[in-house]
Structure formats: structure tokens, C-alpha cells
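Fold and geometry: a report
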Amino acid sequence: MKSSQTPPEIFDRRRRYALRQRAQSKAADAFLWHYVAQEMTERLALVTRTFEDVLMIGPIAAFAQEILGERTCNVHRVDIVDPSAPAMRQAEEDRLPFEPHSFDLVISGGVLDSVNDLPGALIQIRHILKPDSLFLGHMFGAGSLATLKAHMVAAEAPVATPHIHPQIDLRSAADLLSRAGFTLPVADGDILPVRYGDWRRLVRDIREAGIGNALAGPRRYLGREYLARLDHAWQDAADQSGRCEEQFMHLFLSGWAPSANQPKPARRGSGEVSLASILRPSGKD
């Protein structure tokens, strides 16, 4: 029985698999994942907590040792590509094959922005976390690849075809964490600018990271003239050094699985001092 609220398949699961399969051998060399791993390492270093069972989801799993450091953990890895290590399981991010309360740390990097059921994936992650356990996530957010998008639209005018899937903004990411039931949800963004002399090198970096276009639907043949127009658009926008600046908007997410012993905000209206009385000017009623 299918629910009327089942989210549409915006992304083609086979294309996602093909993109990641092609990039799997180069994931450890992609500078984007090195950047994400470094940021994850710094965020986790602020947490003074012992973790026993850890789940790494997506390409970021290749950097488990770097992120976890000297922590002694049972590390499990999940990706949609064929298992490349004994601890790797093949699964999709919105169809996780784990029992509730299986992990005390879940780290997901580079996959949430192209999962079909993002709210469902976050809810599943919360369910497989033990009470008072941590989720750290990463996704590419709105504003990423703005330069490439603009040049593609200019080269393809007057009819534009989506080549890069839409991304969510920082506020929406924070709202999704709250809706998924995480406590102490935090979402922050960081822009990584990269300068390119050729759009083809940018596309190669995207493909090597496995984050290309996985949108469902037919592909339209653009022809050689389109490539020439894209070359021209890129060159026209280049600076004196012949380069264009591209941006990768990184969204970092964190939240805790609920627990009865976690601190809770005070009940509204329970304060003993009125804020209005504090802000009222002196000598006035």
C-alpha cells in the first residue's frame, strides 16, 4: 500500500549509483572531501564524549580514521556502491538497514543533498541513534556552483535544461533537523571559493567527487555549439588571470537524539522576573 505522502523520486537512484561508482576510486583524492573531513574533525574534537559504535554514511567514510582520530570505536560504513572494505554495507541513505538505538555517533557526508527523502533519511538517522547520541552531517547547500549554473544558462538560452540539482538553504536545513526530532539542532554554513581557468576542470572535480547531476528524467543532447558557447561565456567572465571563481556552499549539521536526562528549556511563563520590568525605563510605571 503506497502512501499519498510518499515523496517523489526527484533523483534517479541508478544515476546516483553510477556517479558514486565512478568516483569511488578517487574519493580519497577529491579535495572537496578532504575539506569536509577536516571540518568534521574539528567539530568532533569539541565533543568530550566516548563513542563505541559509529556509523559513517557516504564518501566521508573513507576518512573515518582522520575524523575519529585516536578514539577507539566500532566503525561501520554505508554507501550505495559495492562494498570496498569488510566493514562496508551497501544501502541507500533513506533506506538504512539498522535497528533502532544501534549507534552513538552517525556521520553523514556528501549524500544528503541528493537523497530522495531527506526528511525521512534524517528521521531514520535519529531512530538508529541511541538516546543522547550525536549526529554530524554535511551537504552542499544553495549557492553552490552558481558560476557554472549561470554560464550554462547563458550558453543554452533561450531554453534552459537543469544540469545541477536544486539545493536547500541554511535555514531550511536547520528546520529539517528540528522536524526530524533532534535536540540542540545546529546548522552552519561555510563558503569554499575555488578559482578555475576552465569549466571542464570544474566539471571533472564534480565528477571525481561523485556529486554530478542525478536528477530523474531524460537528458537533452546539447551539441557542439553549446560547448563552444559555454567556452565563450566562461572566457568573457574570466578576470585578468583568465580564471573564474566558483563557490561550494558547505552546510554542516549537528543534533542529538532525545534523552530523558538531557537539559530541557524552562516552561514558558515560569520565570520569576518579568523581562518587561527589566527593560522598563527607570522612574516610569
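So, here's what we can say about the structure. This one's a predicted model, so the numbers in the text were calculated from it and none came from an experiment. (Residues numbered from 1 in each chain as written. Predicted model: local features only at pLDDT ≥ 70, side-chain atom pairs only at ≥ 80, totals over all residues. Heavy atoms only, no water.)

Okay, the overall build of the chain next. Looking only at helices and strands, the chain has 9 helices and 7 strands in total. Relative to its full complement of 285 residues, the chain shows a buried share of 44%. Looking at the chain alone, contacts between residues at least 24 apart form 79% of all its contacts between residues at least 6 apart. (Helix = DSSP H or I, 4+ residues; strand = E, 2+ residues; numbered from the N terminus. Buried < 20%, exposed > 50% of the residue type's maximum accessible area, 1.4 Å probe, protein only. Contact = heavy atoms within 4.5 Å.)

What follows deals with the packing of helix 5 (residues 146-156) against helix 8 (residues 223-237). Following both chains from N to C, one finds helix 5 and helix 8 inclined at 130°, their axes separated by 8 Å at the closest point. What the angle tells us is that helix 5 and helix 8 run oblique. Considering the relative orientation of helix 5 and helix 8, their crossing is right-handed. For the pair formed by helix 5 and helix 8, the contact residues are Thr-147, His-151, Met-152, Ala-155 and Glu-156 on the first element and Tyr-226, Arg-229, Leu-230, Ala-233, Trp-234 and Ala-237 on the second. Looking at the contact of helix 5 with helix 8, its residues break down into 7 nonpolar, 2 polar and 2 charged. (Axes fitted to C-alpha atoms, helices over the stretch in contact; angles between N-to-C directions. Parallel < 35°, antiparallel > 145°, perpendicular 65-115°, else oblique. Left-handed = near helix turned anticlockwise from the far one by under 90°. Nonpolar A, V, L, I, M, F, W, Y, C, P; charged D, E, K, R; others polar.)

Moving on: the pattern of salt bridges. This model, assessed by the stated rule, comprises 17 salt bridges. Here Lys-130 ties to Asp-53 by a salt bridge, and the two come within 3.2 Å at their closest N and O atoms. With Lys-130 in strand 5 (residues 129-140) and Asp-53 in strand 1 (residues 53-57), this residue pair connects regions lying 77 residues apart in the sequence. In this structure, Asp-231 and Arg-200 form a salt bridge, with 2.6 Å as the shortest nitrogen-oxygen distance. One end of the pair, Asp-231, is in helix 8; the other, Arg-200, is in helix 7 (residues 199-209), with 31 residues separating them in the sequence. Through salt bridges with shared partners, a single ionic network connects Arg-16, Arg-20, Asp-79 and Glu-93. (Salt bridge = Lys/Arg side-chain N within 4 Å of Asp/Glu carboxyl O.)

A few words on the pairing of strand 2 (residues 74-79). As paired strands, strand 1 and strand 2 are joined by 5 bridges and run parallel to one another. Along strand 2, the bridge assignment pairs Met-56 with Arg-77. For strand 2 and strand 3 (residues 88-90), the ladder comprises 3 bridges, and the chain directions are parallel. Pairing of Arg-77 across the sheet is with Met-88, part of strand 3. (Pairing = 2+ DSSP bridges.)

A few words on the nonpolar core. The tendency in soluble globular proteins is for nonpolar side chains to be buried side by side. By size, the foremost hydrophobic cluster in this structure holds 44 residues, and its most contacted members are Ile-67 and Phe-248. With 7 residues, the single largest contributor to this core is helix 2 (residues 31-45). With residues up to four places along the chain from it excluded, the contact list for Phe-248 reads Phe-31, Leu-32, Phe-140, Ser-144, Leu-145, Asp-190, Ile-191, Leu-192, Val-194, Tyr-196 and Leu-202. (Core = buried A, V, L, I, M, F, W, Y, C linked by side-chain atoms within 4.5 Å.)

At a minimum axis distance of 10 Å, the contact between helix 7 and helix 8 shows a crossing angle of 105°. By the angle class used here, helix 7 and helix 8 are roughly perpendicular. Mapping the contact onto sequence places Trp-199, Arg-200 and Leu-202 in helix 7 and Leu-227, Leu-230, Asp-231 and Trp-234 in helix 8. Of the residues that constitute the contact of helix 7 with helix 8, the class distribution is 5 nonpolar, no polar and 2 charged.

For the coordinates displayed, the defined rule picks out 5 aromatic pairs. On the basis of an interplanar angle of 85° and a centroid distance of 6.3 Å, the ring pair of Phe-31 and Phe-248 is categorised as edge-to-face. Separated by 217 residues along the polypeptide, Phe-31 in helix 2 and Phe-248 in strand 7 (residues 244-256) bring together distant segments of the chain. According to the relative accessible area criterion, Phe-31 is partly exposed, its value standing at 32%. Measuring from centroid to centroid gives 5.4 Å for Phe-135 and Phe-182, while their planes differ by 25°, and the two rings are stacked. Residue Phe-135 is located in strand 5, and its partner Phe-182 is located in the loop between helix 6 (170-179) and strand 6 (183-196); the two are separated by 47 residues in the primary sequence. Looking at Phe-135, the relative accessible area reads 0%, which means it is buried. For Phe-182, a relative accessible area of 5% gives the class buried. One cation-aromatic arrangement involves Arg-43 over Phe-252; the distance from NZ or CZ to the ring centre is 4.1 Å. (Phe/Tyr/Trp six-rings, centres within 6.5 Å; stacked < 30°, edge-to-face > 60°. Lys NZ or Arg CZ within 6 Å of the ring centre and 35° of its normal.)

Okay, helix 8 next. Between the first and last C-alpha of helix 8 there are 22 Å, a value that for 15 residues agrees with the 21 Å anticipated at 1.5 Å per step. Within the sequence span of helix 8, burial applies to Gly-223, Tyr-226, Leu-230, Ala-233 and Trp-234. Projected down its long axis, helix 8 carries its buried residues within an arc of 95°, all on one side. In this structure, helix 8 carries Arg-224, Glu-225, Gln-235 and Asp-236 as exposed residues pointing more than 90 degrees from its buried face. Where the residues of helix 8 are buried, they touch helix 5, strand 6, helix 7 and strand 7. (Expected span 1.5 Å × (residues − 1). Arc of directions from axis to C-beta.)

Any functional reading would require information that these geometric values do not contain.
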